[in-house]
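Okay, here's what each chain looks like letter by letter:
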Amino acid sequence: MAARGVLVLGGGVAGMAAALSLAAMDFEVTLVEKAAVPGGRAVGYACKATDRCLHCGVCLASDLAEELAASPVVLRTGTRLEGLEGRPGDFRATVTGAELAVGALVVATGLAPAPAAGWPDLGYGRLDAVITASELEERCRRQGPPAARRVAFVQCVGSRNPAWGKGYCSEVCCPYALRLGLGLVAEAAAEVTVFFNDLQTAGKSMATAREQARKGLRLVQGVPSRAAGVAAGVELQFEDVRAGGVRREGFDLVVLSTGIWPGPDTAALARLLGINTGPTGFFAGHPGQSWRSSRPGIYLAGSCQKPRGIADSIAHGRAAAAQVAADLEEVRSA
Amino acid sequence: MKVEVAVVGAGPSGLSCAAALVRLGRKVAVLEAAEATGGTLRAAPGYLAPAAEGRTRLQTLQAAAGPAALLTGHPAGSLSGGPGAFRLEAGNRRLTAGAVVLASGVRRRLSPADHGLEPAYNLLGLSDMARLLADPQASLGRLRGRRVAFFLDVSAPDSLRQQAAAMHLGIAVRRQLAAEVLWFGRDLKVAGDGLEARYREARDLGVTFFRDAGRPPMLTATAGGYRVWAWPEEGGEPVEVAIDLAVLDEREEPCLPQWDLGPRRENSRLGHRSPRPGIFVTGSLRADLDLEGCLVDGVAAAAVADAFLRGLDGLVRAEVDAPRCARCLTCVRLCPHRAMAIAWYREADRAAAKVDKAACRGCGVCVAACPALAITLTTCPDEDIYRQLESGGRTT
Ligand SMILES: Cc1cc2nc3c(=O)[nH]c(=O)nc-3n(C[C@H](O)[C@H](O)[C@H](O)COP(=O)(O)OP(=O)(O)OC[C@H]3O[C@@H](n4cnc5c(N)ncnc54)[C@H](O)[C@@H]3O)c2cc1C
Ligand code: SF4
Ligand code: SF4
Ligand code: SF4
Ligand code: SF4
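Residues numbered from 1 in each chain as written. Chains lettered and ligands numbered in written order. Predicted model: local features only at pLDDT ≥ 70, side-chain atom pairs only at ≥ 80, totals over all residues. Heavy atoms only, no water.

A. Region of interest: the overall build of chain A. Across its full length, chain A carries seven helices and 18 strands. With the C-alpha coordinates of chain A rotated into their principal frame, the extents come out at 70 × 40 × 35 Å. Residues classed as buried in chain A amount to 57% of the 334 residues present. Partitioning the contacts of chain A with sequence separation of at least 6, the portion at a separation of at least 24 is 65%. Summed over all atoms, the accessible surface of chain A reaches about 13,100 Å², with 51% contributed by carbon and sulfur. Where the 34 positive side-chain charges of chain A centre and where its 31 negative ones centre are 4 Å apart. (Helix = DSSP H or I, 4+ residues; strand = E, 2+ residues; numbered from the N terminus. Buried < 20%, exposed > 50% of the residue type's maximum accessible area, 1.4 Å probe, protein only. Contact = heavy atoms within 4.5 Å. Areas by Shrake-Rupley, 256 points an atom, 1.4 Å probe, with all protein chains shown as cover. Lys, Arg positive; Asp, Glu negative; His and termini not counted. Charge placed at Lys NZ, Arg CZ, Asp CG, Glu CD.)

Here it is in structure tokens:
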């Protein structure tokens, strides 16, 4: 029964939320994930609680993964989509090693961090002490916080600049950097400076984080334009917007807050599925119904459609599920 | 009136939720305290999106939610009962609902005292400003070419939606009244749908942004307006400007009915379930969402509520009154789930139709067809429902 079957592509938080919702609505769901385990980017992050929960949403990812394991959703890891034929209510999808008859397809293939090497002036790849925020988190998780005393975060790398075709704010990198920075202060007694354009700290829980950040971190408005290697680490050159004038300052570790770009498979998948991408390279959603793609029967969930944090990606996955369910019931009764 | 879901609040998230539930084939009632639907989209056009865009969005939403029973002028009153059979009072109506979605949003209140000011005619809240800009009767003409300033991050620090509102309204003021527009706040928020582009548009239109460096601006009333001192540089000299109209951010309070929703959990903000089973939360009541966020969130809550009801559906079962059964086999033939069979009832000491509770889905086909009126549908008692909920809401 093709019309009861749904294929979800991508097992990040958005894909898991969509799959679980559909399963709870009695659909037969297959979740196809190209990696070896589901969870997407978010299961790799660590809990950001200091002395209290900072609402980063990371634990939601492991909750979903657990729920998924106990659900009737058929999970195919290490699998990709190779072809799609048919029409809404009656698609034949070819995935690695199998053919599936499904009524609808939910695309939840997620995001990619902006490529840090794209800004050579900031020293990534040239200087060892320049890393990305997710590399910092990875390092903290494996070896504990780095020994660096003076740490600088550089915000908005790869975001908020129409010249790169990325004239949007990535929404998650400010909260992420503040939480990581607070972690370094708490655990490694580091002196943390955050170079920012505008701090995105919306919501009550972020107000808490911001208050903590105001006390614990040095916040400097103005983003550095270049990094140079010096004997004692990295020297950043920046225009101090508030105090005025160009300044130089040395740091032991420089962390680039790379923004959210479309996932690596976005363009190829758009061609394979015959769906549109928008001017910023993400899959294009309907105005007011962002969970629908440009092709009937194919739906979008999470950060593959625009930059979204974990909680928003989950909501978007559920919204896609509701639309799939409604449309498939209609196909069946027609 | 009996519905499957009662949605409380007919703003963008409530309407979007109701529309999605209708698409899912659910019977829905929307309770709205005001006399018309639309919430902020109607009451303060231009607040959540540019006015024209907001109007089209609202029309689309109203059309999509059309098949739901829209009970305007019916504020949600007391609530009793439990999952599957909530009893709700709303104005002069009584409703039974399987599940309830709270989409009642927030109440906004101007609080000049937060800004160190007395109430005055040239002092407006963001939502008043939206109302006046949309009102052809309002005489805003006197502001043509004057100076209008927006003050953020005071009554509601870190509010994404108020910052988005100020951006939409600032652009509208600049375009409609050719007034000079100034913006004062702590952080500029661009982390919303299309907000970065709106910010660029505002800048290109000549809106001036003053981000304070740790010290909020100071306002004093003058004869026809206000004098503002702002400190855009740490320890630097203040900037001094005279303005004609001050638009202030507002306090927000959740609009919650007087119900016991159970104990709050630490990260309850992150989900659509309230602590009380069968009651769900969506929209700006749940998180600091912009319009796009509210539209998505309403539909997401619909998915969660629908899945919950499907879990409950399994809890309604047919029951045969054995002594009345005439053994006509009608139910055995008609049951689409093959849940009926003739079996021996020891207590009645006779054979009669018997329901296989695991197979029955509570569709009611047999109830309607039984010529002896021997079949009824019963809901499992609350304890059974709670047990089901604890095991994930599914039947075995
Ligand atoms: C540096 C950084 C820090 C962040 N910090 C936070 C934070 O603190 N809090 C927060 O809320 N959010 C944070 N985010 C955002 C968060 O990562 C996203 O919200 C979340 O991961 C989005 O989930 P998703 O399911 O849309 O995509 P993803 O998590 O990217 O998942 C997509 C999944 O699809 C799979 N996939 C991709 N292509 C294919 C294909 N062709 N076939 C099959 N499978 C495929 C991938 O393997 C992956 O498992 C951060 C993001 C970045 C980059
Ligand atoms: S939301 Fe984030 S900080 Fe809070 S408990 Fe979960 S992982 Fe930890
Ligand atoms: S969230 Fe912060 S760092 Fe990321 S793009 Fe937006 S303003 Fe820049
Ligand atoms: S239709 Fe009614 S009376 Fe007839 S066998 Fe079934 S339950 Fe008994
Ligand atoms: S309620 Fe439906 S499923 Fe149950 S016995 Fe009657 S006809 Fe069969």
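B. Looking closely at the interface of chain A and chain B. Each partner contributes to the interface: chain A provides 51 residues, whereas chain B provides 44 residues. On the surface where chain A and chain B come into contact, there are four salt bridges. Of the charged contacts in the structure, one is a salt bridge between Glu-292 of chain B and Arg-308 of chain A, with a shortest N-O distance of 2.8 Å. Joining chain A to chain B, the criterion identifies twelve residue pairs in polar contact (both at pLDDT 80 or more). The set of elements that each furnish at least two residues to the side of chain A that touches chain B consists of α1 (13-24), α2 (58-69), α5 (204-216) and α7 (310-333) of chain A. When residues of the side of chain A that touches chain B are assigned to their parent elements, the largest contribution, eleven residues, is made by α7 of chain A. In terms of residue class, the side of chain A that touches chain B is made up of 21 nonpolar, 16 polar and 14 charged. (Salt bridge = Lys/Arg side-chain N within 4 Å of Asp/Glu carboxyl O. Polar contact = N/O pair within 3.5 Å; in protein donor to acceptor, adjacent residues only side chain to side chain. Nonpolar A, V, L, I, M, F, W, Y, C, P; charged D, E, K, R; others polar.)

C. How the structure looks around the site of ligand 4. The environment of ligand 4 is formed by Cys-325, Ala-326, Arg-327, Cys-328, Leu-329, Thr-330, Cys-331, Ala-353, Cys-370, Pro-371, Ala-372 and Ile-375 of chain B. Looking at the shell around ligand 4, its residues break down into ten nonpolar, one polar and one charged. (Near = heavy atom within 4 Å.)

D. Representation of the side chain of Ser-257 of chain A in the model. Residues and elements named next belong to chain A. Position of Ser-257 among the secondary structure elements: in strand β16 (residues 253-258). Residue Ser-257 is classed as buried on the basis of its relative accessible area, which comes to 1%. The contacts of Ser-257, once residues within four sequence positions are left out, are Ala-133, Phe-153, Val-154, Gln-155, Cys-156, Val-157, Cys-173 and Ala-177.

E. Looking closely at α1 of chain A. Across its twelve residues, α1 of chain A extends 16 Å between first and last C-alpha, which sits within 8% of the 16 Å expected from 1.5 Å per residue. Counting buried positions along α1 of chain A gives eleven out of twelve residues, so the element sits mostly inside the fold. (Expected span 1.5 Å × (residues − 1).)

F. Structural context of the pairing of strand β10 (residues 180-185) of chain B. Residues and elements named next belong to chain B. Most of β10 is tucked away: five of the six residues are buried. Between the parallel elements strand β9 (residues 147-151) and β10, the chain passes through helix α5 (residues 160-177) in a crossover that is right-handed. With helix α6 (residues 195-204) bridging β10 and its parallel neighbour strand β11 (residues 208-211), the resulting β-α-β unit is right-handed. (Right-handed = clockwise from strand over helix to strand, strands pointing away.)

G. Quick peek at the nonpolar core. Leu-22, Met-25 and Val-106 of chain A together with Val-7, Phe-150 and Val-173 of chain B are the most contacted members of the largest nonpolar core, which totals 114 residues. Per-element accounting of this core gives the leading share, 14 residues, to helix α7 (residues 291-313) of chain B. Beyond its immediate sequence surroundings of up to four residues, Val-173 of chain B is in contact with Met-129, Leu-133, Val-148, Phe-150, Ala-178, Ala-179 and Val-181 of chain B. If you look at the next biggest cluster of nonpolar residues, it comprises 24 residues, including Leu-111, Ala-129, Ala-227 and Val-254 of chain A. (Core = buried A, V, L, I, M, F, W, Y, C linked by side-chain atoms within 4.5 Å.)

H. Structural view of the sheet that holds strand β2 (residues 28-32) of chain A. Residue and element names in this part refer to chain A. With parallel pairing, five strands are arranged side by side in an open sheet as β3-β2-β1-β7-β18. Edge positions in the sheet fall to β3 (74-76) and β18 (298-300), since each has one partner strand and no second. Taking the axes of each pair of neighbouring strands and ignoring which way they run, one obtains an average angle of 20 degrees across the sheet. Pairing analysis gives three bridges linking strand β7 (residues 104-107) to β18, with the strands arranged parallel. Directly across from Val-107, in β18, lies its bridge partner Leu-300. The sheet contacts of α1 involve β1 (5-9), β2 and β7, and relative to β2 the element is tilted by about 165 degrees. (Pairing = 2+ DSSP bridges. Axes fitted to C-alpha atoms, helices over the stretch in contact; angles between N-to-C directions.)

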